[in-house]
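Understanding the architecture of this molecule
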Amino acid sequence: MKPLVTANIEILRPYKPGKPIEETEREYGVRNPVKLASNENPLGTSPRAVEAARAACRDINLYPDGGCYYLKEKLAKHLVQYNVEPHNLIIGNGSHEIIEFIIRTFVAPDENVVTGEPSFMVYRLASLAHNREEIAVPLKKDLTYDLEAIAQAVNEKTKVIFLANPNNPTGRVFYVDEFEAFLAAVREDVIICLDEAYAEYLEDPNVPNGLNYAPYRHRLVVVRTFSKIYGLAGLRIGYGISSKELINYMDRVRPPFNINSIAQAAAIAALDDIDHIQRSRENNRKGRAFLEKELTRMGVKWYPSQANFILLDFERPAEPIYHALLYKGFITRPVGNYGLHSCLRVTIGTESQNKGFIKALEDILNEIGYITSKR
């Protein structure tokens, strides 16, 4: 009897998201837990986007605009300083779908993709789902990408390189000089996907903005999302920016009506809510500084981040600490599936959420007699 599925599907395991609030309430007996697991915007969604979404509900008996005409026009104006035109844009059901488009469209069965490890799990899952070889290059000891080693890992069968900047789950970044040396070392026919899901939180001018390089690198795809600072994670909408040629090919594999009308309307409105974006960025800046200070005081190792989360390293198995936090009503993200068994990823919350998390964590660490070499 023939196998029911191919070998690559047999070993594939579903993406495991952050623990849902309702599940935590049910399993751990806590009420109104604070979710700091999925890097969502703790300030919520732009009020303008919410109102636009409500208005769009009046017409949900109609199919959405399959080409996302008005959203592309809006995004092109939003990115006008980078000479982005509507034909340089493709809209996806979250940035995840853009990654799928890239592999489905460009990577042949005998070709491979290259990325760092650990990095965003979807690169591996999408490659495996399409039975494409993935070459994973270990991060450096400080959990930054080893761009030189990634460039050296490229072989004659390499079609795509995936890079996240900032990287998830580490929050680490690479800088302009590193990226430009990397671009010079990688042959022009390799597609480079620069995943900038947290771009709106970046404030360091030494971190490269992929849109500055798109005009000069024909096979560069910059991927961004409305799920993070814009607060539209529940509507699943992201976008890719690239050359007209690459966008045209990806559009051929895009499912019809892949972006619902409510998501399109909310995204258009969210781009205009500058106040919400600025407040979100400021909350993140202050919250990150607070957490860094308190974690240092407590002797907990953390990695510098330029995203809206911080990776904590307890230098011992983190799973018991994760469960203890759940009982105290705080949902964080264990990252053992990334090989980081001593770490938890924690989203930066509101001021009260951050203070509550630190209090809960400190109580737990005191209860277990947590001691590090730093204390």
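For the structure itself, look to the data block above.
Fair warning: this is a prediction, and the values are worked out from it, not measured in the lab.

About the cut-offs
Residues numbered from 1 in each chain as written. Predicted model: local features only at pLDDT ≥ 70, side-chain atom pairs only at ≥ 80, totals over all residues. Heavy atoms only, no water. Helix = DSSP H or I, 4+ residues; strand = E, 2+ residues; numbered from the N terminus. Contact = heavy atoms within 4.5 Å. Pairing = 2+ DSSP bridges. Axes fitted to C-alpha atoms, helices over the stretch in contact; angles between N-to-C directions. Salt bridge = Lys/Arg side-chain N within 4 Å of Asp/Glu carboxyl O. Buried < 20%, exposed > 50% of the residue type's maximum accessible area, 1.4 Å probe, protein only. Parallel < 35°, antiparallel > 145°, perpendicular 65-115°, else oblique. Left-handed = near helix turned anticlockwise from the far one by under 90°. Nonpolar A, V, L, I, M, F, W, Y, C, P; charged D, E, K, R; others polar. Core = buried A, V, L, I, M, F, W, Y, C linked by side-chain atoms within 4.5 Å. Polar contact = N/O pair within 3.5 Å; in protein donor to acceptor, adjacent residues only side chain to side chain.

1. Remarks on the environment of Ala 37
- If you trace the backbone, Ala 37 turns up in the loop between strand E1 (34–35) and helix H3 (47–56).
- In this structure the C-alpha to C-alpha distance between Ala 37 and Ile 348, which are 311 residues apart in sequence, comes to 9.4 Å.
- Excluding residues that lie within four positions of it along the chain, Ala 37 makes contacts with Gly 18, Ile 331, Thr 332, Arg 333, Arg 345 and Thr 347.

2. Points about the sheet that holds strand E9 (residues 301–303)
- Across the sheet, four strands lie side by side as E9-E10-E13-E12; this open sheet has antiparallel pairing. Looking along the sheet, the strands with just one partner apiece sit at the ends: E9 and strand E12 (333–335). Averaged over neighbouring strand pairs, the angle between their axes works out to 35° when direction is ignored.
- In this structure, strand E10 (residues 309–313) lies alongside strand E13 (residues 340–347), joined through five bridges in antiparallel fashion. Within E13, the residue paired with Leu 312 across the bridge is Leu 344.

3. Quick word on the pattern of salt bridges
- Across all of its chains, the model carries 19 salt bridges by this definition.
- Taking the shortest distance from any N to any O, the salt bridge between Asp 275 and Arg 279 comes out at 3.2 Å. Of this pair, Asp 275 and Arg 279 both sit in helix H11 (residues 274–298), four residues apart, which is roughly one turn of that helix.
- The exposure class assigned to Asp 275 is partly exposed, which follows from its relative accessible area of 47%.

4. Quick look at the packing of helix H4 (residues 69–78) against helix H10 (residues 261–272)
- Between H4 and H10, the shortest axis-to-axis distance is 9 Å and the interhelical angle comes to 20°. Taken together, the axes of H4 and H10 are roughly parallel relative to one another. The interaxial crossing formed by H4 with H10 has left-handed handedness. Touching Tyr 70, Leu 71, Lys 74, Leu 75 and His 78 of H4 are Ala 267, Ile 268, Leu 271 and Asp 272, all from H10.
- Classifying every residue of the contact of H4 with H10 by side-chain character gives six nonpolar, one polar and two charged.

5. Here's the deal with the packing of helix H5 (residues 95–106) against helix H9 (residues 244–253)
- Relative orientation of the contacting elements H5 and H9 amounts to 95°, with a least axis distance of 9 Å. As summarised for this structure, H5 and H9 are arranged roughly perpendicular, according to the angle between their axes. Within the contact between the two elements, H5 uses Phe 101, Ile 102, Arg 104, Thr 105 and Phe 106 and H9 uses Leu 246, Tyr 249, Met 250 and Val 253.
- Of the residues belonging to the contact of H5 with H9, the class tally is seven nonpolar, one polar and one charged.

6. Notes on the pairing of E13
- Where burial is concerned, most of E13 is hidden: seven out of the eight residues are buried.
- Inspection of the sheet shows E12 paired to E13 by three bridges, in the antiparallel sense. Across the sheet, Arg 333 pairs through a bridge with Arg 345, a residue of E13.

7. Some thoughts on the nonpolar core
- Grouped together as the largest cluster of nonpolar side chains are 83 residues, with contacts concentrated most on Leu 163, Phe 182 and Phe 226.
- If one sorts the elements of this core by residue count, H5 sits on top with six residues.
- Core analysis: the next-biggest nonpolar cluster, separate from the first, contains 29 residues, Tyr 28, Val 30, Leu 326 and Leu 344 among them.

8. Overview of the side chain of Glu 196
- For Glu 196, the position within the fold is in the loop between strand E6 (191–195) and strand E7 (220–225).
- A polar contact is formed between the side chain of Glu 196 and the backbone nitrogen of Gly 210, at a distance of 2.7 Å.
- Not counting residues within four places of it along the chain, the set of residues in contact with Glu 196 comprises Asn 165, Pro 208, Asn 209, Gly 210, Val 222, Val 223 and Arg 224.

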